Amino acid sequence: MTGELFSPLPLRSGQVLKNRIAKAAMEENMAGDGQLPDEQLFTLYRQWAAGGTGLLITGNVMVHAEALTGPAGVVLDEHAPLKPFAEWAEAGKSGGGAIWMQINHPGRQVASGMPGVVWGPSDIGVSLGKHSSRFGRPTAMTAQQIDETVTRYAVTAHRAEKAGFDGVEIHAAHGYLLSQFLSPLVNQRTDHWGGSLENRARMLLDTVRAVRAAVSPSFAVAVKLNSADFQRGGFDAEDARQVIAMLEPLGVDLVELSGGSYESPAMTGRSTDTRTQAREAYFLDLARDLVTTSPVPLMLTGGITRRATADRVLDSGVAVIGMGTALAVTPDLPHRWHGGREADRRMRPVTWSDKALASAASMAQVRHQMRRLARGSSPRPGTHPAIALIAEQRKQRTALRRYRAWLTGPRGAA
Ligand SMILES: Cc1cc2nc3c(=O)[nH]c(=O)nc-3n(C[C@H](O)[C@H](O)[C@H](O)COP(=O)(O)O)c2cc1C
């Protein structure tokens, strides 16, 4: 499965990615009125499309209007009008690459103070030490809520295809709902959704089946999975290997490997293992083992910013490299690499000792760049993380008022 960075990749659905470089999902927090994509997102995605990336994966789009990862999240449910999504898809495809929509339900990772529901496999809240009050307290989902949620993923996927997206990526990483079900620490159920790995993976597998059944065979279906949760007693690399094997017969095109959650933010290089911070391609060691047995092409995301690292990841047998931060700072990085050049700007690392706060600040810094791109300005990666964090919090407060009014108001116009 090894390939050169600029060689095409044919997928099981028949879709062909034009190269091996993907923009990983980054929640933009830029929903316009009605929690819909608007001109800001279209401008942002046109810039990424023009930069030469073979695959753009959108920031996570919410399948359930009452459960958002944040108040400026985009929602695609059965009521949403399709036109703004069609424009978004068109913007993403304007450079000749593919665009997939990442679809997600936050489960228990909903900020406290958000309206709507906070659900989880069990009533175990996110544990963040002194920051634990950042998230709401979850209630354990009923069987009916689980079934309805599986259906919501399928509805969103079906509508994404109608809007012109080329595929969906089901988010089962980073401690969101499907990852919560996979985790033996968060999922303490004693029914057939808890206990053994087969049971913990049931909701993910049902979701993949429902999504596959709701879309055409030529539409790509991918899954983002943690290579490990980086928590003692949590979902580990052996679990990941087995889940990938379970996904294969269901017609999955690609599995993206990441790692961590809010409790152990390894995805931004800040796991409980401090050594990960120092290196690029945080999860490469785990991925190297997983590629030897994986029957599905793998994508690896986390810490890749240089061509030599990208080549090393592909040499290990990974089929696609995913980048978030690097493309927020340098949206034309693939074109640069193709021309033998590197990025001339890099994000300033956040070295704060409080891992949860450092992770939030580095995400705010990246969002700051995305907002600049969305306005048609150049990125400015030197922005101080504290400034980016404060600006982000202010925007979130305004978005929360708007989301609350939308959620409690009439949605009949949609
Ligand atoms: C601002 C921001 C938002 C993110 N939102 C998402 C998301 O919506 N879905 C997801 O799977 N990962 C999300 N991530 C994680 C990225 O996809 C990626 O795994 C992580 O940033 C590590 O890759 P990088 O080092 O190339 O940035 C986000 C990361 C950042 C910085």
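Analysis parameters
Residues numbered from 1 in each chain as written. Predicted model: local features only at pLDDT ≥ 70, side-chain atom pairs only at ≥ 80, totals over all residues. Heavy atoms only, no water. Helix = DSSP H or I, 4+ residues; strand = E, 2+ residues; numbered from the N terminus. Rg over C-alpha atoms; globule rule 2.2 N^0.38 Å. Buried < 20%, exposed > 50% of the residue type's maximum accessible area, 1.4 Å probe, protein only. Contact = heavy atoms within 4.5 Å. Areas by Shrake-Rupley, 256 points an atom, 1.4 Å probe, with all protein chains shown as cover. Salt bridge = Lys/Arg side-chain N within 4 Å of Asp/Glu carboxyl O. Near = heavy atom within 4 Å. Polar contact = N/O pair within 3.5 Å; in protein donor to acceptor, adjacent residues only side chain to side chain. Nonpolar A, V, L, I, M, F, W, Y, C, P; charged D, E, K, R; others polar. Pairing = 2+ DSSP bridges. Right-handed = clockwise from strand over helix to strand, strands pointing away. Core = buried A, V, L, I, M, F, W, Y, C linked by side-chain atoms within 4.5 Å. 1 Å grid on protein atoms, 1.4 Å probe; cavity = no way out; pocket = protein on both sides within 12 Å on 5 of 7 lines; lining within 4 Å. Points joined across faces, edges and corners; volume = space filled by probe spheres on them. Expected span 1.5 Å × (residues − 1). pLDDT = per-residue confidence, 0-100. Phe/Tyr/Trp six-rings, centres within 6.5 Å; stacked < 30°, edge-to-face > 60°.

Caption draft 1: Structural view of the overall build of the protein. Secondary structure summary: the protein contains 14 helices and 13 strands in total. Expected size for 414 residues packed as a compact globule is a radius of gyration near 22 Å; at 19 Å, the protein falls within 12% of this value. In terms of overall dimensions, the protein has C-alpha extents of about 55 × 45 × 45 Å along its principal axes. Looking at the protein as a whole, 62% of its 414 residues qualify as buried. Looking at the protein alone, contacts between residues at least 24 apart form 71% of all its contacts between residues at least 6 apart. Surface summary for the protein: the accessible area is close to 15300 Å², and the carbon and sulfur share equals 52%.

Caption draft 2: Molecular detail of the side chain of Asp253. Topologically, Asp253 is positioned in the loop between α7 (237–247) and β11 (254–258). Using a relative accessible area of 1% as the deciding quantity, one classes Asp253 as buried. Setting aside its immediate chain neighbours within four residues, Asp253 contacts Leu11, Arg12, Ser13, Arg212, Phe219, Ala220, Val221, Val296 and Pro297.

Caption draft 3: Seen up close, the pattern of salt bridges. This structure, assessed with the given rule, holds 19 salt bridges. Through salt bridges with shared partners, one network takes in Glu27, Arg367, Arg371 and Glu392.

Caption draft 4: Representation of the site of the ligand in the model. Contacts to the ligand come from 20 residues, most closely from Ala25, Glu27, Gln102, Gly303 and Thr325. Here an oxygen atom of the ligand sits 3.0 Å away from a polar atom, N or O, in the side chain of His171. Alone, the ligand offers 600 Å² of accessible surface; in the complex the protein occludes 96% of this. For the shell around the ligand, the element with the highest residue contribution is helix α13 (residues 355–374), accounting for 3 residues. Of the residues in the shell around the ligand, the class split is 7 nonpolar, 10 polar and 3 charged.

Caption draft 5: A look at the pairing of strand β10 (residues 220–226). Along β10, 7 of the 7 residues are buried, which leaves the element largely enclosed by surrounding structure. Sheet topology places strand β9 (residues 167–172) next to β10; 6 bridges connect them, and they run parallel. When the sheet's bridge partners are listed, Ile170 is paired in β10 with Val223. Of the pairings in the sheet, the one linking β10 to β11 comprises 5 bridges and is parallel in character. Bridge assignment links Leu225 to a residue of β11, and that residue is Leu257. With α7 bridging β10 and the parallel β11, this β-α-β connection has right-handed handedness.

Caption draft 6: Molecular detail of the nonpolar core. Ranked by internal contacts, the top residues of the largest apolar core, which has 97 residues, are Phe85, Phe165, Ile170, Leu204, Leu225 and Ile321. In contact with Phe165, other than residues within four places in its own chain, are Thr58, Phe85, Trp88, Ala89, Ile99, Trp100, Met101, Ala160 and Phe219. Core analysis: the next-biggest nonpolar cluster, separate from the first, contains 15 residues, Leu9, Leu11, Ala22 and Met299 among them.

Caption draft 7: Highlighting unusual backbone geometry. The backbone phi angle of Asn29 is positive, close to 55°, even though this residue is not glycine. Looking at Asn29, the relative accessible area reads 13%, which means it is buried.

Caption draft 8: Main features of empty space enclosed by the protein. Enumeration over the complete set of coordinates arrives at 3 cavities of 30 Å³ or more. Quantified by volume, the largest cavity comes out at close to 60 Å³. If you go around the largest cavity, the residues you meet are Arg108, Gly175, Ser179, Gln180, Ser183, Val186, Asn226, Asp229, Gln231, Gly260, Ser261 and Glu263. Of the residues that constitute the lining of the largest cavity, the class distribution is 1 nonpolar, 8 polar and 3 charged.

Caption draft 9: Main features of helix α3 (residues 143–163). Look at α3: 31 Å from first C-alpha to last across 21 residues, which is about the 30 Å you get at 1.5 Å a residue. Those residues of α3 lying buried are Ile146, Thr149, Val150, Tyr153, Ala154, Thr156, Ala157, Arg159, Ala160 and Ala163. Considering only its buried residues, α3 is in contact with α2 (83–93), β6 (98–104), β7 (119–120), β9, α4 (177–182) and α6 (202–214). Just downstream of α3 lies Gly164, where phi reads positive at about 110°.

Caption draft 10: View of the layout of surface pockets. In this structure, the second largest pocket spans a volume of roughly 280 Å³. Looking at the second largest pocket, it is lined by 14 residues, and the ones nearest its centre are Asn29, Gln40, Ala72, Lys395 and Arg402. The dominant element in the lining of the second largest pocket, judged by the number of residues it contributes, is helix α14 (residues 385–408), at 6 residues.

Caption draft 11: Local environment of the confidence of the model for the protein. Per-residue confidence for the protein gives a mean pLDDT of 92; residues scoring 70 or more make up 95%. Scored below 50 in pLDDT, residues 271–278 makes 14 contacts in the model with residues more than four places away or belonging to other chains.

Caption draft 12: Representation of the packing of aromatic side chains within the structure. In the structure shown here, the tally under the stated rule is 7 aromatic pairs. With a centroid separation of 6.4 Å and an interplanar angle of 45°, the aromatic rings of Phe85 and Trp88 are classed as tilted. Of this pair, Phe85 and Trp88 both sit in helix α2, 3 residues apart, roughly one helical turn. For Phe85, a relative accessible area of 0% translates into the label buried. For Trp88, a relative accessible area of 0% puts it in the buried group.

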